[in-house]
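Breakdown of the fold
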Amino acid sequence: MRLLYVFPEPLPLPRARGIQVAHTVAALARADISVHLAYVPAADNADPLSAYGVERPDAVALVPLSRGLSAPLSWLPLRSNRLFFRRLRGWIENESGHHRRPALIMARHLKIAHALLDAFPDIPLLYEAHEVFAEVAPPDKRERLARIEESVLRRAAALVAVTHGVADDLKKRYRLDRDIHVLPDAVSWPAHIPEKPWRDAGRHIVYAGSFFPWKGAQDLVAAAEWLPGCRIELIGGSPERIREYQRQVPAHGAEVVFSGHLRHTETLKALSEACIAVLPNRAEPNSLWSSPLKLFEYMAAGCAVVAADLPSVREVLAEDEAVWAPPGDPEALAAGIRRLVDNPEQARRLGEGLRERAKRYTWEARARQLVAIMRAGLS
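Structure report, in brief. (Residues numbered from 1 in each chain as written. Predicted model: local features only at pLDDT ≥ 70, side-chain atom pairs only at ≥ 80, totals over all residues. Heavy atoms only, no water.)

**Focus: the packing of helix 1 (residues 16–30) against helix 15 (residues 363–378)**
- Running from N to C, helix 1 and helix 15 point in directions that differ by 70°, and their axes come no closer than 9 Å. On the basis of the axis angle, helix 1 is roughly perpendicular to helix 15. When the axes of helix 1 and helix 15 are compared, the crossing they make is right-handed. Where helix 1 abuts helix 15, its residues Gln-20, His-23, Thr-24, Ala-27, Leu-28 and Arg-30 lie against Trp-363, Glu-364, Arg-366, Ala-367, Leu-370, Val-371 and Met-374. (Axes fitted to C-alpha atoms, helices over the stretch in contact; angles between N-to-C directions. Helix = DSSP H or I, 4+ residues; strand = E, 2+ residues; numbered from the N terminus. Parallel < 35°, antiparallel > 145°, perpendicular 65-115°, else oblique. Left-handed = near helix turned anticlockwise from the far one by under 90°. Contact = heavy atoms within 4.5 Å.)

**Remarks on the sheet that holds strand 6 (residues 158–161)**
- The strand order across the open sheet built from 7 strands is 3-2-1-4-5-6-7, with neighbouring strands paired in parallel fashion. Each end of this open sheet is capped by a strand with a single partner; those strands are strand 3 (60–64) and strand 7 (181–182).
- Of the strands in this sheet, strand 1 (2–11), strand 2 (34–41), strand 3, strand 4 (104–107) and strand 5 (125–129) are in contact with helix 1, which crosses strand 1 at around 160°. (Pairing = 2+ DSSP bridges.)

**Points about the side chain of Arg-357**
- Looking at where Arg-357 falls in the secondary structure, it is placed in helix 14 (residues 344–357).
- A polar contact is formed between the side chain of Arg-357 and the side chain of Glu-321, at a distance of 3.3 Å.
- Those residues in contact with Arg-357 that lie beyond four places of it in its chain are Met-299, Val-316 and Glu-321. (Polar contact = N/O pair within 3.5 Å; in protein donor to acceptor, adjacent residues only side chain to side chain.)

**Considering the environment of Val-256**
- Along the polypeptide, Val-256 turns up in strand 10 (residues 255–260).
- As for Val-256 and Ser-50, which are separated by 206 residues in sequence, their C-alpha atoms are 31 Å apart.
- Not counting the four nearest positions on each side in its chain, Val-256 is found in contact with Ala-224, Ile-232, Leu-234 and Val-249.

**What about the packing of aromatic side chains?**
- Taken as a whole and judged by the stated rule, the model has 4 aromatic pairs.
- Taking the centre distance of 5.3 Å and the plane angle of 20° together, the rings of Phe-211 and Tyr-245 count as stacked. Residue Phe-211 is located in the loop between strand 8 (205–208) and helix 7 (217–223), and its partner Tyr-245 is located in helix 8 (residues 239–246); the two are separated by 34 residues in the primary sequence.
- Taking relative accessible area as the criterion, Phe-211 reaches 3% and is therefore assigned buried.
- The exposure class of Tyr-245 is buried, given its relative accessible area of 1%.
- Aromatic side chains Phe-211 and Phe-258 sit 6.4 Å apart centroid to centroid with 65° between the ring planes, which places their arrangement in the edge-to-face category. Pair noted here: Phe-211 is in the loop between strand 8 and helix 7 and Phe-258 is in strand 10, with a separation of 47 residues, a long-range link. Per residue, the accessibility class of Phe-211 equals that of Phe-258, and both read buried. (Phe/Tyr/Trp six-rings, centres within 6.5 Å; stacked < 30°, edge-to-face > 60°. Buried < 20%, exposed > 50% of the residue type's maximum accessible area, 1.4 Å probe, protein only.)

Below, the structure is given as structure tokens:
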């Protein structure tokens with residue numbers, strides 16, 4: 001099968017969705033799918049897969065398409081998804097002329113999916129939903145986005161959502177009577193991790209991810225007040241957000257270290273050495289729909305997890321597989337962390353259990369499910 005995977009953003013991208021795309025494309029190629037990855041090249045033209053530690057299979061062909069103006073105006077700082085789509089359409093038409101038209105297109109960006117369905121209605125499209133766009137759009141754009149979203153959901157050959165929350169809310173809002181396959185995010189499972197210093201777990205607490213307010217990293221910072229003697233490392237965040245959160249660090253309590261943005265391979269190494277990993281998301285729409293990539297990375301790294309009690313996380317972890325805290329409650333979050341710090345044997349058992357459970361959520365396993373969905377969509 002010849003698949004065109006469309007990602008109208010720069011790759012590599014310092015966001016979880018870039019990691020997901022790189023691993024998804026590589027895993028599909030290893031599942032005997034011929035993949036053309038259409039993407040925006042990064043400013044330094046770095047390889048879009050190897051930057052995440054992903055070896056590019058031979059079955060992945062790169063289709064770099066700029067969002068900028070062509071020479072002699074390429075120096076102008078104008079970037080547009082319309083320019084990207086114009087070049088993408090030209091590439092598809094050229095391939096079609098040489099009898100190399102894709103058998104299927106996959107996209108996770110709503111507007112690009114809509115444009116592709118309009119321009120190439122005869123090419124089946126698999127749409128991967130990560131949120132309900134119309135629910136979180138600014139009020140003045142909500143109606144138009146709802147029309148686009150409903151159009152994509154009704155016309156796509158197959159639909160995938162990353163959580164049951166996304167699937168259920170899409171069906172309810174648009175009164176859909178069709179299958180939406182639920183495939184959570186996944187992880188590259190490491191065969192070996194270092195021995196963890198469980199008896200000193202309080203000095204090896206980590207958060208890895210973005211610092212958007214709904215991610216709740218600020219609640220972990222506030223929780224430091226009730227964790228004297230501990231050390232908390234926060235990986236990620238923009239320089240501006242780091243400075244903001246640094247000002248919020250309590251005068252007394254845990255040591256809080258901001259490591260900033262690390263390469264993905266460096267983040268995975270830090271997780272492999274950590275004992276307790278924290279998922280402090282707040283109860284906001286994005287959290288309710290999100291399939292947190294870092295949760296699966298925490299699990300594969302063998303960390304004991306303290307998680308905000310949210311339906312999207314409960315889809316993955318059972319009651320006894322994590323320590324749960326009400327979202328948006330720093331003191332309760334600290335109490336959950338303290339429970340593991342004071343019970344290193346419990347922390348070790350949780351971490352080892354989650355590492356074993358993470359084997360179910362590999363990119364290869366997810367790709368096999370995607371391939372089955374794709375083949376059914378083409379039949």
